[in-house]
Amino acid sequence: MAKVKYTTHLQKFFPTLKQGLAIEGRTIAEVVAALDSRYPGLGGYIVDERGALRKHVNIFIGDSMIADRERLQDVVSDDQQIFIMQALSGG
Amino acid sequence: MTEMMILGTRKGLLLFEENRGEWRFCREVFKATPVSYAMHNPRTGMMWAALDHGHWETKLHRSRDMGATWDEIPTPTYPENAEVNIRFAAENMPSTKPATLSYIWLIAPGGNDQPERMYIGTEPGGLFQSDDGGETFNLVEGLWDRPERQEWWFGGGRDFPGLCSICVDPRDSKHVLVGISVGGVYETHDDGKTWEARNKGLSADFLPEPQAEFGHDPHFILTSPSNPDVVWQQNHCGIFRSTDGAKNWQDISQKGTPAYFGFALALDEKDADTAWVVPAIDAEYRTAVDTAVCVCRTEDGGKSWTQLREGLPQDHAYDVVFRHALDLKGDRLAFGTTTGNVYISDDRGDTWRDLGHNFPPIYSVRFAST
């Protein structure tokens with residue numbers, strides 16, 4: 001299972017969110033779905049209603065940004081780390 | 001009874017309470033998060049707030065205790081087959097994309113005989129309806145499916161059209177007018193099943209044919225509480241009024257005076273001839289006219305406008321008042337500005353006093369009685 005880390009900004013809305021949580025999923029889409037099951041509503045902060053990554057959110061597998069922002073089909077292997085980050089934007 | 005003022009701002013929701021004529025800060029919620037619109041539904045006692053997170057985008061919250069505690073609820077979602085046009089798509093690239101919720105412009109209750117009905121006006125132009133008090137929302141497809149939508153509805157100021165005005169007829173809840181910026185005015189008589197455009201008499205000087213049937217920019221529309229057949233709109237291209245339920249519009253702008261361009265509009269509760277607007281210089285500048293803040297009031301159905309300036313800044317003022325940032329209750333008016341000023345009048349706009357000068361940019365101002 002991949003380990004997931006997040007921007008601390010998300011803990012403002014999901015205070016029980018644990019860093020480094022081991023999450024089941026063969027693709028990023030499955031990981032996001034699993035996160036949403038564990039923390040209901042969290043998925044909607046990361047992806048839109050079509051399942052596409054929100055414009056100002058980035059997901060990295062290791063140190064590589066995911067390629068498929070529309071369907072999140074980038075493959076995840078067991079020993080990898082996933083980072084869910086906010087893009088630097090706004091003011 | 002407690003009077004409240006609900007401010008949706010660039011940096012959170014601010015609540016104020018009135019105490020013996022003075023307004024006191026009461027509560028700050030959603031600290032640092034843009035609140036695009038917030039209101040109180042007097043029928044249910046529910047307070048609503050639409051958030052526009054920079055990263056996490058649009059979210060919807062409700063409070064049952066006047067803002068003390070809030071629950072996040074699911075936002076309206078566009079159906080899978082809903083698409084929007086991509087303007088200026090590159091050659092060989094798709095000219096449409098799936099429609100997704102990008103902004104909540106407005107939250108409004110249904111008619112008095114529809115206690116569970118709520119409407120939400122959104123970007124990219126969808127009207128959503130709930131009949132279970134907001135637990136679930138469905139796109140009003142009769143409006144979304146209008147054949148001219150993809151060609152004649154478009155973004156102005158934002159990327160996609162916004163449904164910014166919702167007027168439910170107090171005599172017949174199935175009769176609703178909406179305003180789409182940019183798209184125009186639409187009317188239904190059958191509870192949203194079918195819609196017709198109501199733009200006759202409007203002028204859109206940003207179109208090759210200003211009297212086009214569609215593609216108008218009603219910034220904000222209201223129907224007179226005392227006579228819902230009298231409809232007013234602050235349009236991108238002037239101020240317009242209809243006395244026949246939006247079938248025909250008359251330009252009531254006063255050219256050469258501030259009473260022309262703007263966003264906000266308020267109507268008297270008893271007199272269908274009295275209205276207020278807060279003018280700005282038109283599209284090229286979008287600042288207060290002559291860098292002086294002025295409210296204009298008409299008491300004769302728009303034949304003449306009085307400029308009201310007492311208590312408002314008359315030098316170096318760049319304030320613009322957005323479409324939902326002016327409200328009225330009885331003889332009291334309040335508005336908030338893009339530069340974080342809030343002004344209140346207790347005498348129908350004759351004189352103004354300030355609530356504060358250093359608020360974040362203000363998106364909505366709404367009164368509530370509890």
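Residues numbered from 1 in each chain as written. Chains lettered and ligands numbered in written order. Predicted model: local features only at pLDDT ≥ 70, side-chain atom pairs only at ≥ 80, totals over all residues. Heavy atoms only, no water.

**Student:** If you had to explain the overall build of chain B to someone new, which residues and values would you point to?
**Tutor:** From N to C terminus, chain B includes 2 helices and 30 strands. Relative to a compact globule of 370 residues, whose C-alpha radius of gyration would be 21 Å, chain B shows 19 Å and is just as compact. Seen through its C-alpha atoms, chain B measures out along the principal axes to roughly 60 × 50 × 45 Å. With 370 residues in all, chain B has 59% of them scored as buried. (Helix = DSSP H or I, 4+ residues; strand = E, 2+ residues; numbered from the N terminus. Rg over C-alpha atoms; globule rule 2.2 N^0.38 Å. Buried < 20%, exposed > 50% of the residue type's maximum accessible area, 1.4 Å probe, protein only.)

**Student:** I'd like to hear about the overall build of chain A, residue by residue, with values.
**Tutor:** Along chain A, the regular secondary structure elements total 2 helices and 5 strands. From first element to last, N terminus to C terminus, chain A shows the α and β order β-β-α-α-β-β-β. In terms of overall size, chain A behaves like a compact globule, its C-alpha atoms giving a radius of gyration of 12 Å where 91 residues would be expected to give roughly 12 Å. Referenced to the eigenvectors of the C-alpha coordinate spread, the extents of chain A come out at roughly 35 × 25 × 25 Å. Expressed as a percentage of its 91 residues, the buried residues of chain A come to 40%. Total accessible area computed for chain A in this model is approximately 4900 Å², and 54% of it derives from carbon and sulfur atoms. (Areas by Shrake-Rupley, 256 points an atom, 1.4 Å probe, with all protein chains shown as cover.)

**Student:** Account for the nonpolar core, with residues named and values stated.
**Tutor:** Residue and element names in this part refer to chain B. Within the largest apolar cluster, 41 residues are counted, with the highest numbers of intra-cluster contacts made by W48, I107, L127, L143, I166, V178 and Y186. Within the residue set of this core, elements represented by two or more residues are β4 (35–41), β5 (46–53), β10 (103–109), β11 (118–123), β12 (127–130), α1 (141–144), β14 (162–169) and β15 (172–181). A total of 6 residues in this core trace back to one element, the largest contributor, which is β10. Within the second largest apolar cluster, 31 residues are counted, among which are W23, V278, L326 and L328. (Core = buried A, V, L, I, M, F, W, Y, C linked by side-chain atoms within 4.5 Å.)

**Student:** Run through the environment of R297 of chain B, naming residues and quoting values.
**Tutor:** Residue and element names in this part refer to chain B. Checked against the element boundaries, R297 lands in strand β24 (residues 295–298). Judged by its relative accessible area of 8%, R297 falls in the buried class. For the pair formed by R297 and F206, sequence separation is 91 residues and the distance between their alpha carbons is 27 Å. If we skip the residues at most four places from it in the chain, R297 touches T274, A275, W276, S304, W305, T306, L308, D347, R348, G349 and D350. A polar atom in the side chain of R297 sits 2.7 Å from the backbone oxygen of R348. (Contact = heavy atoms within 4.5 Å. Polar contact = N/O pair within 3.5 Å; in protein donor to acceptor, adjacent residues only side chain to side chain.)

**Student:** Which residues make up the environment of S181 of chain B, and what values go with them?
**Tutor:** All names here are of chain B. Inspection of the secondary structure puts S181 in strand β15. A sequence separation of 19 residues divides S181 from G162, and the C-alpha atoms of the two residues are 5.2 Å apart. Reaching out from S181, the side chain makes a polar contact with the side chain of R323 at a distance of 3.4 Å.

**Student:** Please give an account of helix α1 (residues 28–38) of chain A that cites residues and values.
**Tutor:** All names here are of chain A. Residues of α1 that are buried include every one of I28, V31, V32 and L35, and no others. Buried residues of α1, viewed axially, fall in a sector of 100 degrees; they line one side. Along its buried surface, α1 packs onto β1 (2–6), β2 (21–23), α2 (42–46), β3 (57–61) and β5 (81–86). (Arc of directions from axis to C-beta.)

**Student:** Go over the interface of chain B and chain A, please, and point to the residues and values.
**Tutor:** Listed as interface residues are 21 residues of chain B and, on the opposing side, 18 residues of chain A. When residues of chain B are sorted by the area they lose upon contact with chain A, H55, W56 and E57 of chain B head the list and together hold 48% of the total. Put simply, chain B and chain A have 1 salt bridge between them. A salt bridge links E57 of chain B to R54 of chain A, with the nearest nitrogen and oxygen atoms 3.1 Å apart. At the boundary of chain B and chain A, one finds 11 residue pairs in polar contact (both at pLDDT 80 or more). Class assignment of the residues belonging to the side of chain B that touches chain A gives a composition of 8 nonpolar, 6 polar and 7 charged. (Buried area = accessible area lost by both parts, 1.4 Å probe. Salt bridge = Lys/Arg side-chain N within 4 Å of Asp/Glu carboxyl O. Nonpolar A, V, L, I, M, F, W, Y, C, P; charged D, E, K, R; others polar.)

**Student:** Lay out the state of the cysteines in plain terms, naming residues and giving numbers.
**Tutor:** All names here are of chain B. Within the structure shown, the criterion is met by 0 disulfides over all chains. Cysteine C296 remains unbridged, with the sulfur of C294 as its closest cysteine sulfur at 3.8 Å. Assessed through its relative accessible area of 1%, C296 is described here as buried. (Disulfide = S-S within 2.5 Å.)

**Student:** Before we move on, could you go through the packing of aromatic side chains and cite the residues and values that matter?
**Tutor:** Under the defined criterion, the tally for this structure stands at 19 aromatic pairs over all chains. Measuring from centroid to centroid gives 5.1 Å for F30 of chain B and W70 of chain B, while their planes differ by 65 degrees, and the two rings are edge-to-face. Here F30 of chain B, found in the loop between β3 (22–29) and β4, pairs with W70 of chain B, found in the loop between β6 (57–63) and β7 (71–73); they are 40 residues apart in sequence, far enough to count as distant. Taking relative accessible area as the criterion, F30 of chain B reaches 15% and is therefore assigned buried. Judged by its relative accessible area of 17%, W70 of chain B is buried. By way of ring pairs, the aromatic residues F13, F14 and Y45 of chain A together with W56 of chain B are connected into one cluster. Directly above the aromatic system of W144 of chain B lies the positively charged group of R149 of chain B, at a separation of 3.5 Å from the ring centroid. Sitting above the plane of the W105 of chain B ring, R323 of chain B keeps its charged end 4.7 Å from the centroid. (Phe/Tyr/Trp six-rings, centres within 6.5 Å; stacked < 30°, edge-to-face > 60°. Lys NZ or Arg CZ within 6 Å of the ring centre and 35° of its normal.)

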